[in-house]
Each structure stands twice: as C-alpha cells, then as structure tokens.
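Spelled out from the first residue to the last, the chains are:
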Amino acid sequence: MLFDTHVHLNAWQFKEDREETIQRAFNAGVTHMTVVGFDHETIPLAIEIAEQYETIYAAIGWHPVDAIDMTDKELTWIEELSEHPKVVAIGEMGLDYHWDKSPKDVQAEVFRKQIRLAKKLDMPIIIHNREATEDIIQILEEEKAHTVGGIMHCYNDSVQYVERCLDMNFYISLGGPVTFKNAPLPKEVAKEVPLDRLLIETDAPYLAPHPNRGKRNEPAYVKLVAEKIAELRGITLEEVAEATTKNAIHLYNIESN
C-alpha cells in the first residue's frame, strides 16, 4: 500500500492515457494519490480527477512561478474550492528562484497570503522550493505555519535544514532524485529523517526515478522511490510503505473525509 503524495495527473502529458496510468499505479500497489493543481487550468482538473476515484485526492494552490498572475480573485476562488470534500491541502505554494517570471517580492507576498488562507481553513500546506530554502523557512516561521504544518515537497536540500522543518510540523517528502546516482543530498536525508515524518511522491510527469530517468514519470514509479529509501535505511519496502502511507493519511486528515 503506497501513497503518492504529489502527482500531476492533471498535466497535459497524461491527456491521452490518464485512466491507464492510474490503473497501472493501482496495479503496482499505489493505493492513494494526491493530484496537485496550481493554476487556472490544473486546479479544476485536479478536483475532477479526485471525484472519479475514491482514493485519489486533490491539493489546490498557486505556483510561485506564476505568482505575478495571482490576484485576490484567485485567492477567493481557491478558498471556495477548498470546501470540496476531496481537497486535502493548500498548495503547491512557495518560492522559485530558478525561473524569473515572477519577482521575488511578488512571490513572497503570494506565498504569505496562501499560508494565511491555509491557517484560516486549518489545512496543511505543500511547499514548492527551488533555490530558496532560507527565505522559505524564514517566511514559514514568521507566518507561524507550524499551526497547520504540511509537506516540504520533493525535498532536495541539506540535512541541516530538516530539523527546522520538522520543528514547524512539516513532513519531508522524497521523490525520484533519491534514486539518482549523482544526487547525494536526498540520499542523506532519506537516512536521517524520522520514519514517522517521511513521505514519498513522484511529482509525475517530472523527475522520473532511475532507471526511467529522462522519461515521463508516472505514479506507479513511486514504488522505486520507496524501494530506494528502504535500501538506504536498511529496512523493508513494506515498512517504508506502511509508515509513509500512514503519515500521509494522518497529515491529509483523510479519515475524516
């Protein structure tokens, strides 16, 4: 029983074979998934997909790359849609300093607004972080995001930041990069994060794990992530699967839905 906590089945890459992709995931033992929407196009589709499958859920938020396009109208829209019973988190949100479409100050403002919305709704948040760890942690601390907690999505930074994230009630989620031969950081993190604060994901269709690196990722491949973490920690795949699924169900408060 595996839980892919972050997948973009609403991406155009799955337009032609979404149902088959989902079935392959179920056949591979991926029993639960959270589809993440982050703009006008992907948010409604995330909810639509979640409505069709009992164990697929949706997260909705605004991506930092597109922060410049977000107004209070979009924030209100996200708040209204958050009432849907299959919506389990707000995000992905955060900071992205790799792409320069949205100025840093605009990203920070949109990030803070979404954190405040999540606190108002009492829902966990999903953090997108690209080359912005210090600023993200500072904003989370200033906004007292520990009251709702959430996920450091596809964590790919130093172990030194992990403790600060855990202190703020965040889970550490690992994806395909933990299997990459040239990626030591997520491997180190995989060994150090307490098992009761660890999650797994694919971020499909992106970041396909080895040996599928460079190809389209899909949720069935989350098993490869779990297998690598089990190997690194010296435990069984079943132990990783049980713990990470339990963690996700608890964080997303799925039992009450």
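To be clear, the structure that these remarks concern was listed above.
Here goes a summary of the coordinates provided. (Residues numbered from 1 in each chain as written. Predicted model: local features only at pLDDT ≥ 70, side-chain atom pairs only at ≥ 80, totals over all residues. Heavy atoms only, no water.)

1. Considering unusual backbone geometry
Leaving glycine aside, a negative phi is the common case for residues, and trans is the common case for peptide bonds.
In step 1: The step from A204 to P205 runs through a cis peptide bond, and the omega angle for that step is 15°.
In step 2: The residue P205 is located in the loop between β8 (198–200) and α8 (222–233) in this model.
In step 3: In the segment running from H210 into P211, the intervening peptide bond is cis, with an omega of 10°.
In step 4: Within the secondary structure, P211 is located in the loop between β8 and α8.
In step 5: Phi angles above zero are rare outside glycine, and E131 is one such case at about 60°. (Helix = DSSP H or I, 4+ residues; strand = E, 2+ residues; numbered from the N terminus.)

2. Observations concerning the sheet that holds strand β5 (residues 125–130)
In step 1: In space, the eight strands of this open sheet follow the order β1-β2-β3-β4-β5-β6-β7-β8, with parallel pairing throughout. Looking at strand neighbours, the two that pair on one side only are β1 (2–7) and β8, the edges of this open sheet. Between one strand axis and the next, the sheet turns through 30° on average, direction left out of account.
In step 2: Where β5 and strand β6 (residues 150–152) come together, three bridges link them in parallel fashion. Residue pairing for β6: I127 is matched across the bridge by M152.
In step 3: Running over the sheet, helix α9 (residues 237–251) touches β1, β2 (30–37), β6, β7 (170–174) and β8 and is turned about 95° from β8. (Pairing = 2+ DSSP bridges. Axes fitted to C-alpha atoms, helices over the stretch in contact; angles between N-to-C directions. Contact = heavy atoms within 4.5 Å.)

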